[in-house]
Amino acid sequence: MTHQAAIALGQTLRVLAAGPDDPAAAVSADVVIGDHSDLDDLRVAARGSDAFTFDHEQVPTEHLDVLVAEGVNVQPPPTALIYAQDKLRMREKLRSLSIPVPAFAEVTSVADVTDFGSAHGWPVVLKAIRGGYDGRGVWMLDDADQARETVEQQLAAGVPLLVEQKVDMARELSAMVARSPFGQGATWPVVETVQRRGQCAVAIAPAPGLSDDTAADAEHLALRIASELGVVGVMAVELFETPTGRLLVNELAMRPHNSGHWSMDGARTSQFEQHLRAVLDYPLGDCAPLAPVTVMANVLGAPTAPTMSMDERVHHLFARMPDAKVHLYGKGERADRKIGHVNVLGAASGSANDAEYVAAVRERAERAAHWLSHAEWTDGWDHHDG
Ligand code: ADP
């Protein structure tokens, strides 16, 4: 998806990929096959580049420090990226900036968790400090017994851990911003993300019914974090909104993010284009939405892949919903795996504060995504009758 944007900007991308079948490698003319944790592979990928950037956060910052010392223009710089890699350092940093985060503590023993549970109440949330994604590396612990079992297991496996308060939340939001080395900032409307089984399933842009004040607070918060941390590129600030309208920061992602996929069709400038503009220090693009609401629904692999080919599923979807914008990632189908997404834009006459209108757009996006993964229409529609 970044490549599509690079072409339009007249840029060429070299991709470091683990194998030739990686989706990014499959669409790139210039591919280095290698390991993102191997310094020499990173050096080969970086050679001659104007800018060096990421589509995930797992590249060791000590290697990036070496690249920076060797003159590579690494964006976001490792001094910022570390806060997207290390959940404990991120929380400590944000707390030092008086930015609200859930109560948390580092965990080096079972007692750290049971003490935290006694002090803050159960359940608590245990997290791997590094390497978690899509809910992997997150454990909800109901009581001290459960804590003992899980913490012992993870500590024995050498996983560095933190514990935090389970937040009573009304919903999850994501504030997506971009920042350039020049210091320019840009924000998209704050979106609501809907999680299923620990991973994002749907994003609604803008978050329905969000007050102007809370939306502005979230955007300012995200811009401030980008500036304080020296982020370059796009960044998603994942937020919890409490029932009283308080915002707490859950996570930072310094790359194009699932919560920004709606912008590919729903905003004047997509997150992928903006990321490239930012890392190249171009002036940033207009983030204005193109519809009162855009809903992005992830195509999450069905428990068993349908016998109908994806090609045929796409064909039927397009016959029924000419307005659905489909983005497939070229990945094999596995249960709950993100293999693509669908964006649906609401009609210009609607409003994000009209719950019925938003629900109708959301239903269409989810129906389309479910069809693509399951070859089943959620409303029982039969294309032979339709
Ligand atoms: P990952 O890095 O795997 O995305 P997250 O920290 O975002 O992990 O957690 C995944 C999901 O778990 C979140 O989107 C949220 O639904 C839930 N979650 C995480 N932390 C908390 C918390 N402190 N309180 C309540 N729910 C949480």
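Residue numbers here run from 1 along each chain, matching the order of that chain's written sequence. Given that this is a predicted model, residues contribute local features only at a pLDDT of at least 70 and side-chain atom pairs are listed and counted only at 80 or more, while totals for whole chains, interfaces and linings are drawn from all residues. The side-chain quantities take in all heavy atoms of the structure and omit both hydrogens and water.

1. Digging into the UniProt feature "domain: ATP-grasp" (unreviewed entry) in the protein
Using the following cut-off: UniProt positions are given in the numbering used here, feature names are shortened, and annotations may be inferred rather than shown by experiment. Strands are runs of DSSP state E lasting at least two residues, helices are runs of H or I lasting at least four, and both sets are numbered from the N terminus onward.
What UniProt calls "domain: ATP-grasp" (unreviewed entry) maps, in this numbering, to residues 91–280. Taken end to end, residues 91–280 has its terminal C-alpha atoms 29 Å apart, with 32% of it in helix and 31% in strand.

2. A look at the UniProt feature "binding site: ATP" (unreviewed entry) in the protein
Just so we agree on the cut-off: A simple rule labels every residue: compare its accessible area, found with a 1.4 Å probe on the protein chains alone, to the largest value its type can have, and call it buried under 20%, exposed over 50%, or partly exposed in between. Residues are treated as being in contact if the distance between any of their heavy atoms lies within 4.5 Å.
Here, UniProt's "binding site: ATP" (unreviewed entry) annotation points to K87, K127, E164, Q165, K166, V167, E172, N250 and E251. On the secondary structure map, E164 appears in strand β6 (residues 161–165). For E164, a relative accessible area of 2% gives the class buried. The residues contacting E164, other than those within four sequence positions of it, are R91, P102, A103, F104, F116, V124, V125, K127 and N250.

3. A word on helix α12 (residues 310–320)
Applied cut-off: Think of the arc as the fan of directions from the helix axis to the C-beta atoms.
Among all positions in α12, only M310, R313, V314, H316, L317 and R320 are buried. Buried residues of α12 fall within an arc of 165° about the axis and therefore sit on the same side. The outward face of α12, more than 90 degrees from its buried face, is lined by the exposed residues D311, H315 and A319. At its buried positions, α12 is contacted by β14 (325–328), β15 (338–345) and α13 (355–374).

4. Considering the packing of helix α4 (residues 61–69) against helix α5 (residues 78–85)
Axis angle and axis distance: for two packed helices, these are the angle between their axes and the distance between the axes, and together they describe the pair. The test is simple: The angle between two axes is taken between their N-to-C directions and runs from 0 to 180 degrees, where each axis is a line fitted to C-alpha atoms and a helix contributes only its stretch in contact. Each angle is binned into one of four classes, with values under 35 degrees roughly parallel, values over 145 roughly antiparallel, values of 65 to 115 roughly perpendicular, and all other values oblique. In this scheme the handedness of a crossing depends on how the near helix is turned from the far one: anticlockwise by less than a right angle means left-handed, clockwise means right-handed. Asp, Glu, Lys and Arg are counted as charged, while Ala, Val, Leu, Ile, Met, Phe, Trp, Tyr, Cys and Pro are counted as nonpolar; the rest, among them Gly, fall into the polar class.
Between α4 and α5, the least distance of the axes is 10 Å, while the angle of their chain directions is 170°. The angle between α4 and α5 falls in the class roughly antiparallel. Between α4 and α5 lies a crossing whose hand is right-handed. Contacts between α4 and α5 involve T61, L64, D65 and V68 from the first element and P78, L81, I82 and Q85 from the second. Taken together, the residues of the contact of α4 with α5 break down into 5 nonpolar, 2 polar and 1 charged.

5. Quick notes on the packing of aromatic side chains
Worth spelling out the cut-off: Centres within 6.5 Å make a pair out of two Phe, Tyr or Trp rings, where for Trp the six-membered ring is used; the pair is then stacked when the planes are under 30 degrees apart, edge-to-face when over 60, and tilted otherwise. By the criterion adopted, a ring carries a charge over it if an Arg CZ or a Lys NZ lies within 6 Å of its centre and within 35 degrees of its normal.
According to the stated counting rule, one finds 3 aromatic pairs in the structure shown. A centroid spacing of 5.7 Å and a plane angle of 80° characterise the contact between F52 and F54, whose relative ring orientation is edge-to-face. Just as F52 is buried, F54 falls in that class too. For the pair W371 and W377, a centre-to-centre distance of 4.4 Å together with 5° between the ring planes defines the contact as stacked. Across the pair, exposure class does not vary: W371 and W377 are buried alike. In textbook terms, an aromatic cluster arises when at least three aromatic residues are bridged by ring pairs, as seen for W371, W377 and W381. Above the face of the W377 ring, R320 is positioned so that its terminal group lies 4.6 Å from the ring centre.

6. Focus: the site of the ligand
Selection rule: Here a residue is considered near a molecule or strand provided that any single heavy atom belonging to it is located within 4 Å of it. Counting of polar contacts relies on pairs of N or O atoms within 3.5 Å, with two restrictions inside protein: one atom must be capable of donating a hydrogen and the other of accepting it, and residues adjacent in sequence are counted only when both atoms are side-chain atoms. Here the Shrake-Rupley method, with its probe set to 1.4 Å, supplies the accessible areas, and only the displayed protein chains count as covering residues.
Near the ligand you find 22 residues, and of these K127, G135, E164, V167 and E172 are the closest. Residue E238 places a side-chain N or O atom 3.5 Å away from an oxygen atom belonging to the ligand. N250 has a polar side-chain atom sitting 3.0 Å from an oxygen atom of the ligand. Look at the ligand: alone it shows 550 Å² of surface, and the protein chains cover 92% of it. Elements that contribute at least two residues to the shell around the ligand include exactly β4 (124–128), β5 (138–141), β6, β11 (233–241) and β12 (247–253). Looking at side-chain class alone, the shell around the ligand contains 7 nonpolar, 6 polar and 9 charged residues.

7. Concerning the side chain of Q199
Within the fold, Q199 resides in strand β10 (residues 199–205). With a relative accessible area of 5%, Q199 lands in the buried category. The contact partners of Q199, leaving out residues within four places of it in the chain, are D134, V194, L300, D336 and K338.

8. Focus: the side chain of S180
As for its position among the elements, S180 is in the loop between β7 (171–179) and β8 (185–187). Taking relative accessible area as the criterion, S180 reaches 1% and is therefore assigned buried. Once residues lying within four places of it in the same chain are set aside, the contact partners of S180 are V232, A278, D281, Y282 and L284.

9. Describing the pairing of β11
Consecutive residues of a regular strand have side chains that alternate between opposite faces of the sheet. For clarity, the threshold we go by: Only strands joined by at least two bridges in the DSSP assignment are considered to pair.
Along β11, 9 of the 9 residues are buried, which leaves the element largely enclosed by surrounding structure. As judged from the 6 bridges shared by β11 and β12, these two strands associate in the antiparallel manner. Counted as the bridge partner of A236 is A253 from β12. Where β11 hands over to β12, the hairpin turn is made up of 5 residues, of which G245 adopts a positive phi near 90°.

10. Considering the nonpolar core
To keep it simple, the criterion reads: Residues belong to a common nonpolar core when they are buried Ala, Val, Leu, Ile, Met, Phe, Trp, Tyr or Cys residues joined through side-chain atoms within 4.5 Å.
With 47 residues, the main nonpolar core has F52, I225, M235, V237, V249, L252 and M254 as its most contacted residues. Tallying contributions element by element places helix α9 (residues 212–229) first for this core, with 7 residues. For L252, the residues in contact, after removing those within four places along its chain, are E57, Y83, A84, M90, I225, L229, M235, A236 and V237. Core analysis: the next-biggest nonpolar cluster, separate from the first, contains 27 residues, I339, V342, V361 and W377 among them.

11. Looking at the packing of helix α7 (residues 110–120) against helix α8 (residues 144–156)
One can describe the packing of α7 onto α8 by two numbers: an axis separation of 9 Å at closest approach and a directional angle of 150°. In terms of their interaxial angle, α7 and α8 are classed as roughly antiparallel. Where α7 crosses over α8, the two elements pack in a sense that is right-handed. Touching V110, V113 and T114 of α7 are A144, A147, R148, V151, E152 and L155, all from α8. Split by residue class, the contact of α7 with α8 holds 6 nonpolar, 1 polar and 2 charged.

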